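# Understanding the architecture of this molecule
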Amino acid sequence: MKSLEKASYNAAFSHIYVEKEIIDHPNTIEILSRFPKAVKIEISRYNEIFSRSNQSFIIQKKSPALILAKKYGKFLFEGAPVCQDFGNEHFYYTTCVMNCIYDCEYCFLQGMYDSANIVVFVNLEDYFAEIEKLLAIHPMYLSISYDTDLLSLEQKLGFAQKWCRFTKAHSDLTIEIRTKSANNKAIEVLTPSKNIILAWTLSSETVQEAYEHKTPPLMQRLSCIKKALEKGFQVRICFDPILYSKDWLSSFEEMVEKTFTEIPATKIHDASIGVFRISRDYLKRMRKNRTDSVIVHYPYEYDNGVYHYGSHLSHLMTSSACDILKKYIPDEKIFVWN
Amino acid sequence: MITIFTALYCEAEPIIQYFDLKRQDDINGFQLFSRDPIHLLITGVGSINAAIGVTSLCSSSLYAPDFGDIIVNIGICGTKNLSLGKGSLLLGKKIIDLSTYRAYYPDMIFEHEFTESTILTSPVPVTGSVNNSAIVHSLHTEHSSIYAGSTEISMTECAGLRTQSFIHKDNTNTISNEWLSDAINLFATDMEASGIFHAAKLFYQPHQMFFFKVVSDYQDGEKLRKQDVLSLISDNIGQIAKWILPIHDELQSRKPMVFSEQEKALLNRTAESLRLTVSMQFQLKGLLHYYKIKNGDFTRDLEQFLKENIKQTCKNKNEGKKYFEKLRKSFL
């Protein structure tokens, strides 16, 4: 029995789950006011929805729900070994939002979380209090957009503004906001500061079109970077992850050339290069989730808990990418993940 | 496969007629009606019967669900919300079991035009107001830390009559939480939904579950005639079918890629010819999966490789390893 009609998916955030405890939190009220048409559903704790076993990450990605919650426990985490620390001694990351609106086939989040719904911890004041405690001991380099894309959500959450305000008032704190967005409006409302780094992940047009679903194309990201630079932001460019294909080198070269035709290389704070690598447990779940992805099912080599392209190919890709980048950016500004 | 569960025969009858279902052999004493891809099982009244019904059907190898299948619960419900006319069709967005206070959430992924509602599953028929102090007590005990903040919940009524109001100690923000009011947040009472969900979550993912309730009464003890139930469901089944059939098609089209029997046989033959270890067999399977996604098929090229390289089964594992490496290189 087949239907002549076609099923349609709800728009993202058509449903918002709100924890009882933070129903009256100012950030909850502010966020909900931006979704007047969404169906709001009261819940006890976010894990009732988010951490259920046996959910479909792929189907939920079609129409992610928003979950507003309160964060308890640990707020700051030391950077993982697979993350680039950019030479910072006290490198931490934090997660005030879990999951992302984009749908990149290679993204580790689909290996990390049971659900594609987006959890927003509204109690930013508790994050800030924890940071202040650590700042009393040592300076801190903090990545705040590792498990999400805060800039892409800025019109809905307004969190980047809050983080920037807090960071401006704490000179010992440097934050990195990583993004693939082309959210010019967010750039307009944010105020630049020496200790705020906006970090764009760039991929070749071939990779973006094939594997980075729902993300803005390269040229739009570049135009947004241009705007950020004009406004005086510190901008980092991350060519990470670089994905292997037979023509990866020519696509990469073309992308780097386009990048520095659009934006002045001299104004870039620094750049990073990293070839795709992923932890074993994440890849296992990703393969289960995406049975039709070439990226996810590539026969990677495995050692020490991490899958990668194999040391020979990984080194070759890294050094070739580095050689190309060095034409535009001095060596000391290039960080390579090995 | 679309599996529909109802509590009563009179709820099932209009569905059986609509889809022209035929009676099958009973499953553990439950009446079953089918016409591919639709199956309907009558569970009997109550969430325990509902859970047993779902488990019985889904555990049977003939009806075991997979990623492309959906489960639908259809039945009548009561409400205290007089804005909902009799015959109103509701789609459950949250289910609360009133005997355990446990909440269940189907994923609300697909666009629809139904009225969404919270379904309260009661162990007994709800007629009129029920003393709610136990529920309030339980919620406060279970989540005592949650209520330590500035907000207290005062549930003045329950089971469809619930008007939940947030009492703010500083009397602010009352307007911002309008969405919690009964006018927007509708409640309906049934006796099966939580049992269906509780059992179904072992077999289905939350986006595959749909709970439809048709308003039959206002919990005032009104006796329903069989004919009333028949026409309530009959009036709505067309609308439900029109919505679930395309969803079923969509999910069927998204079934994960698996190897065909012929592909599996070739994979096994290759593993035997190359004398692969168990670990290498996994690697071969992964390699062939990758090759299939990339090229649409691996059988032709693998047959060709075997024909050109492997005249007979490898003498030992070392020889097999050599050929496996060769295969890996040519398939990457």
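Residues numbered from 1 in each chain as written. Chains lettered and ligands numbered in written order. Predicted model: local features only at pLDDT ≥ 70, side-chain atom pairs only at ≥ 80, totals over all residues. Heavy atoms only, no water.

Summing up its helical and strand segments, chain A has 14 helices and 18 strands in all. For chain A, the C-alpha radius of gyration of 20 Å lies close to 20 Å, the compact-globule estimate for 338 residues. Overall, the C-alpha framework of chain A stretches about 60 × 55 × 40 Å when taken along its three principal axes. The burial tally for chain A puts 60% of its 338 residues in the buried class. Partitioning the intrachain contacts of chain A with sequence separation of at least 6 by distance along the chain shows that 76% fall at a separation of at least 24. (Helix = DSSP H or I, 4+ residues; strand = E, 2+ residues; numbered from the N terminus. Rg over C-alpha atoms; globule rule 2.2 N^0.38 Å. Buried < 20%, exposed > 50% of the residue type's maximum accessible area, 1.4 Å probe, protein only. Contact = heavy atoms within 4.5 Å.)

Next up on the list: the environment of Val258(B). If you trace the backbone, Val258(B) turns up in the loop between α5 (226-253) and α6 (261-273). In this structure Val258(B) touches Glu263(B) and Lys292(B), once residues within four positions along its chain are discounted.

So, on to the pattern of salt bridges. All names here are of chain B. Tallied over the full model, the rule gives 27 salt bridges over all chains. Between Arg225 and Asp228 there is a salt bridge whose closest N-O contact spans 2.9 Å. Classification of Arg225 as exposed rests on a relative accessible area of 54%. Glu250 serves as the salt-bridge partner of Arg254, at 2.7 Å between the closest nitrogen and oxygen. (Salt bridge = Lys/Arg side-chain N within 4 Å of Asp/Glu carboxyl O.)

This part is about the side chain of Lys71(A). Residue and element names in this part refer to chain A. Take Lys71: it is sitting in the loop between β3 (66-69) and β4 (76-78). A polar contact is formed between the side chain of Lys71 and the backbone oxygen of Lys74, at a distance of 3.4 Å. Contacts of Lys71, omitting those with residues within four sequence positions, involve Phe77, Phe121, Asn123 and Tyr127. (Polar contact = N/O pair within 3.5 Å; in protein donor to acceptor, adjacent residues only side chain to side chain.)

Right, let's get into the interface of chain B and chain A. With 56 residues of chain B at the contact, the number on the chain A side is 45 residues. Between chain B and chain A, a total of about 4,500 Å² is buried, with carbon and sulfur atoms accounting for 57% of that surface. Inspection of the region where chain B meets chain A yields one salt bridge. Of the charged contacts in the structure, one is a salt bridge between Arg52(A) and Asp107(B), with a shortest N-O distance of 3.0 Å. (Buried area = accessible area lost by both parts, 1.4 Å probe.)

This part takes up the sheet that holds strand β16 (residues 301-303) of chain A. Residues and elements named next belong to chain A. Across the sheet, which stays open at both edges, the three strands sit in the order β15-β17-β16 with antiparallel pairing between neighbours. Edge strands, defined here as strands with exactly one partner in the open sheet, are β15 (277-279) and β16. Between one strand axis and the next, the sheet turns through 30 degrees on average, direction left out of account. Across three bridges, the pairing between β16 and strand β17 (residues 306-308) is antiparallel. Counted as the bridge partner of Tyr302 is Tyr307 from β17. Across the sheet, helix α12 (residues 280-289) lies against β15, β16 and β17, angled at about 95 degrees from β15, the strand it touches most. (Pairing = 2+ DSSP bridges. Axes fitted to C-alpha atoms, helices over the stretch in contact; angles between N-to-C directions.)

As a further point, take the sheet that holds strand β11 (residues 196-201) of chain A. Picture the strands of a sheet paired through backbone hydrogen bonds; they go either parallel or antiparallel. Residue and element names in this part refer to chain A. Within the open sheet, the eight strands sit side by side as β4-β5-β9-β10-β11-β13-β14-β18. Their pairing is mixed. The open sheet has two edge strands with one neighbour each: β4 and β18 (334-336). Adjacent strand axes in the sheet meet at a mean angle of 25 degrees when their direction is disregarded. Relative to strand β10 (residues 173-179), strand β9 (residues 140-143) runs parallel, the two sharing four bridges. In the strand pairing of β10, Tyr141 is matched with Thr174.

What follows deals with the nonpolar core. Within soluble globular proteins, side chains that are nonpolar generally end up buried alongside one another. By size, the foremost hydrophobic cluster in this structure holds 158 residues, and its most contacted members are Trp163(A) and Phe212(B). In terms of residue count, the dominant contributor to this core is α5(B) (12 residues). One finds Phe5(B), Ile71(B), Tyr204(B) and Met209(B) within the second-largest nonpolar core, a separate group that totals 24 residues. (Core = buried A, V, L, I, M, F, W, Y, C linked by side-chain atoms within 4.5 Å.)

Our next topic: the environment of Asn195(A). Residues and elements named next belong to chain A. When you line up the elements, Asn195 lands in the loop between α8 (184-189) and β11. Placed 25 residues apart in sequence, Asn195 and His170 show a C-alpha to C-alpha distance of 8.8 Å. Look past the residues within four positions of Asn195 in its chain and what remains in contact with it is Thr167, His170, Ser171, Leu173, Thr174 and Ile175. There is a polar contact of 3.0 Å between the side chain of Asn195 and the backbone oxygen of Thr167.

Quick look at the packing of helix α10 (residues 218-231) of chain A against helix α11 (residues 248-262) of chain A now. All names here are of chain A. Relative orientation of the contacting elements α10 and α11 amounts to 35 degrees, with a least axis distance of 10 Å. As for how α10 packs across α11, the hand of that crossing is right-handed. Across the interface between the two elements, Leu218, Met219, Leu222 and Lys226 of α10 pack against Met255, Lys258, Thr259 and Glu262 of α11. In terms of residue class, the contact of α10 with α11 is built from four nonpolar, one polar and three charged. (Left-handed = near helix turned anticlockwise from the far one by under 90°. Nonpolar A, V, L, I, M, F, W, Y, C, P; charged D, E, K, R; others polar.)

As enumerated under the stated definition, the model contains 39 aromatic pairs over all chains in all. An angle of 80 degrees between the planes, with centres 5.4 Å apart, marks the rings of Tyr298(A) and Tyr290(B) as edge-to-face. Residue Tyr298(A) is located in the loop between α13 (294-297) and β16, and its partner Tyr290(B) is located in helix α7 (residues 278-295); the two belong to separate chains. Relative accessible area serves as the criterion here: at 4%, Tyr290(B) is assigned to the buried category. (Phe/Tyr/Trp six-rings, centres within 6.5 Å; stacked < 30°, edge-to-face > 60°.)

What follows deals with the domain arrangement of chain B. Taken domain by domain, chain B holds domain 1 (2-127 + 178-253) and domain 2 (261-331). Once you take the C-alpha centre of each, domain 1 of chain B and domain 2 of chain B turn out to be 48 Å apart. (Domains from an automatic or database assignment.)

What follows is about the pairing of strand β2 (residues 39-43) of chain A. Residues and elements named next belong to chain A. Counting buried positions over the five residues of β2 gives four, a clear majority of the element. Sheet topology note: the strand β1 (residues 15-19)/β2 ladder contains five bridges and is parallel. The residue of β2 that forms the bridge with His15 is Val39. Taking the sense of rotation as the criterion, the β-α-β connection linking β1, helix α1 (residues 26-33) and β2 turns out right-handed. (Right-handed = clockwise from strand over helix to strand, strands pointing away.)

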